[in-house]
Amino acid sequence: MDHSIQKVIIIGQGISGTFLSWFCHQAGVDFILIDEAVPNTPSKVAAGIINPVTGRRVVKVWLDDVIIPFAENAYNAMGAFLNLPAITRTAIIDFFPNPFMKESFLRRLAQKEDYISLLENEAPYTNYFNYEFGIGLIEPAYIVHLQQLLPAWRAFLKQQHRLLEEPLDFGQLRVEGGSVHYKDHTADKLLFCDGAAGAANPYFSLLPFALNKGEALIIEAPELPHGHLYKKSMLLAPMAEPGIFWAGTNNIWDFENDNPTTDFRYSTEQTLNQWLKVPFKIHDHKASVRPATVERRPFAGFHPLYTNIGILNGMGTKGCSLAPYFAHQLVEHLLHQQPLLPEADIARFSRILSRSNP
């Protein structure tokens, strides 16, 4: 370990801040994490899905062969440490919503695309779902149990006296020489994992964030088989409690605030009524704003002018798969000067960031 790094301050305990602090802990780095307890952060609202293919063209996600195995191992390691199941390997039962999506899927299948196949036996699903165009299978996919993992890690941080549960006060933050000072804490580096708030962060607001809103209904459908993810024009994901499902996956680019909307509730309820043959009840309606980026690539690395101020952000809708890998990369970069992946390294924006004036 590079012993020039004595202490790190991490801002935010979403999925990025959680893994950054986890890898600091694993490497024996002294750190403190500052996070205000807010109910509707993306990590608390998300279903925790890792889907290896994406989009209408059914293409493999970026860096699938590196990112996905790394994430699976990282969640399993963290789950073992906290004594809880952190990740479940499963499959997505993919109901084609229209002939075009089926055609796209079949074209990919003919090209021997990884992860996808046609479901051989549709019979088990005809009692539960209305569908017209057949069913594909995507596997492996994963469900990350964020609703258990994040609070368990937070409890561990509290127990270790490594958590300040308060909003960051930028007025108390000073960068002097080779050190960062916040209230009575002094550190070598400060790392922002502040999610959507990063778009207004005085150090990093010039980065090309493209914030995007997601909404989800939490429903009770006790007759629906609980073992898989289901996808049609939306995603249905089983939650930890039997019979409870998360229903969502919209990306809203134009929105007024981060509150749930009656439009989403109405249209999702209509879609579920048409799709499901079994009764369901709505338990909750959640919404949050995700820190997506214009290029759909994360932001990792250190500010060109304030070199002890860093960032891990911009995971967008792929936070569960991207955060473990890039958190680990950033810790390796911090301790051993290992290079960051160029597509994620904020060095690509150094000209823009050089205009920052916090």
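Residues numbered from 1 in each chain as written. Predicted model: local features only at pLDDT ≥ 70, side-chain atom pairs only at ≥ 80, totals over all residues. Heavy atoms only, no water.

**Comments concerning the overall build of the protein chain**
Using the following cut-off: A run of H or I in DSSP counts as a helix once it spans at least four residues, and a run of E counts as a strand once it spans at least two, with each numbered from the N terminus. The reference for a compact globule is 2.2 Å times residues^0.38; the radius of gyration itself is calculated from the C-alpha atoms. Only protein chains enter the calculation, and the probe is 1.4 Å; a residue is then buried if its accessible area is under 20% of its type maximum, exposed if over 50%, and partly exposed in between. Contacts are assigned to residue pairs that have any heavy atoms within 4.5 Å of one another. We get accessible surface area from the Shrake-Rupley algorithm with a probe of 1.4 Å; when it comes to residues, only the shown protein chains can shield them.
Each helix and strand counted, the protein chain has eight helices and 20 strands in total. By the compact-globule yardstick of 21 Å for 358 residues, the protein chain fits well, its C-alpha radius of gyration being 21 Å. Out of the 358 residues in the protein chain, the part that is buried amounts to 51%. The contacts in the protein chain between residues at least 6 apart in sequence include a share of 73% that link residues at least 24 apart. Total accessible area on the protein chain stands at roughly 16,200 Å², and carbon and sulfur atoms take up 50% of it.

**Considerations on the nonpolar core**
As a rule of thumb, nonpolar side chains are buried together in soluble globular proteins. Quick reminder of the rule: Here, nonpolar core means buried Ala, Val, Leu, Ile, Met, Phe, Trp, Tyr and Cys residues that are tied together by side-chain atoms lying within 4.5 Å of each other.
Phe19, Leu20, Ile50, Tyr75, Leu312 and Phe326 are the most contacted members of the largest nonpolar core, which totals 53 residues. Per-element tally for this core: the top contributor is helix H7 (residues 319–336), with ten residues. Once you skip the residues sitting within four places of it in the chain, leucine 20 turns out to touch Ile10, Leu191, Cys193, Leu312, Ala327, Leu330 and Val331.

**Points about the pairing of strand E8 (residues 135–144)**
In plain terms, the rule: Pairing between strands is defined by DSSP: at least two bridges between the two strands are required.
Along E8, eight of the ten residues are buried, which leaves the element largely enclosed by surrounding structure. Here two bridges tie strand E3 (residues 49–50) to E8, and the two strands are oriented antiparallel to one another. Residue pairing in the sheet places isoleucine 50 in a bridge with tyrosine 142 of E8. Both strand E6 (residues 87–95) and E8 contribute to a ladder of eight bridges, which runs antiparallel. Across the sheet, residue threonine 90 finds its bridge partner in E8, namely alanine 141.

**Considering the packing of aromatic side chains**
Rules: Within 6.5 Å between ring centres, the rings of Phe, Tyr and Trp (the latter by its six-membered ring) count as paired, and their orientation is classed by plane angle as stacked under 30 degrees, edge-to-face over 60, tilted in between. Remark: a charge is flagged as sitting over a ring if the NZ atom of Lys or the CZ atom of Arg is within 6 Å of the ring centre and within 35 degrees of the ring normal.
Scanning all chains against the criterion turns up 25 aromatic pairs. Arranged with centres 5.8 Å apart and planes meeting at 10°, the rings of tryptophan 62 and phenylalanine 326 form a pair that is stacked. A residue pair is termed long-range when its members are at least 10 positions apart, and tryptophan 62 in the loop between strand E5 (59–60) and helix H3 (64–82) and phenylalanine 326 in helix H7 qualify at 264 residues. Here the aromatic rings of tyrosine 125 and tyrosine 230 are separated by 6.3 Å at their centres, their planes lie at 70°, and the arrangement is edge-to-face. Of this pair, tyrosine 125 sits in the loop between strand E7 (116–118) and E8 while tyrosine 230 sits in strand E15 (residues 229–231), placing them 105 residues apart in sequence. Given the relative accessible area of 9%, tyrosine 125 is considered buried. Here the aromatic residues Phe19, Phe23, Trp62, Phe70, Tyr75, Tyr325 and Phe326 are joined through ring pairs into a cluster of three or more. Over the face of the ring belonging to phenylalanine 31 we find arginine 162, whose NZ or CZ atom lies 4.7 Å from the ring centre. Just above the ring of phenylalanine 302 sits the side chain of lysine 189; from NZ or CZ to the centre is 5.0 Å.

**Let's talk about the packing of helix H1 (residues 15–26) against H3**
To keep things clear, this is the line we draw: With axes taken as lines fitted to C-alpha atoms, and helix axes fitted only over the stretch in contact, angles between N-to-C directions fall between 0 and 180 degrees. Working definition: roughly parallel below 35 degrees, roughly antiparallel above 145 degrees, roughly perpendicular at 65 to 115 degrees, and oblique for all remaining angles. Throughout, a crossing is termed right-handed when the near helix is turned clockwise from the far one, and left-handed when it is turned anticlockwise from it by less than a right angle.
At a minimum axis separation of 12 Å, H1 and H3 run at an interaxial angle of 70°. If you check the angle between H1 and H3, you find them roughly perpendicular. Between H1 and H3 lies a crossing of left-handed hand. The segment H1 lies against H3, with Ile15, Thr18, Phe19, Trp22, Phe23 and His25 engaging Phe70, Ala74, Tyr75, Ala77, Met78 and Phe81.

Keep in mind these numbers describe shape, not what the thing actually does.
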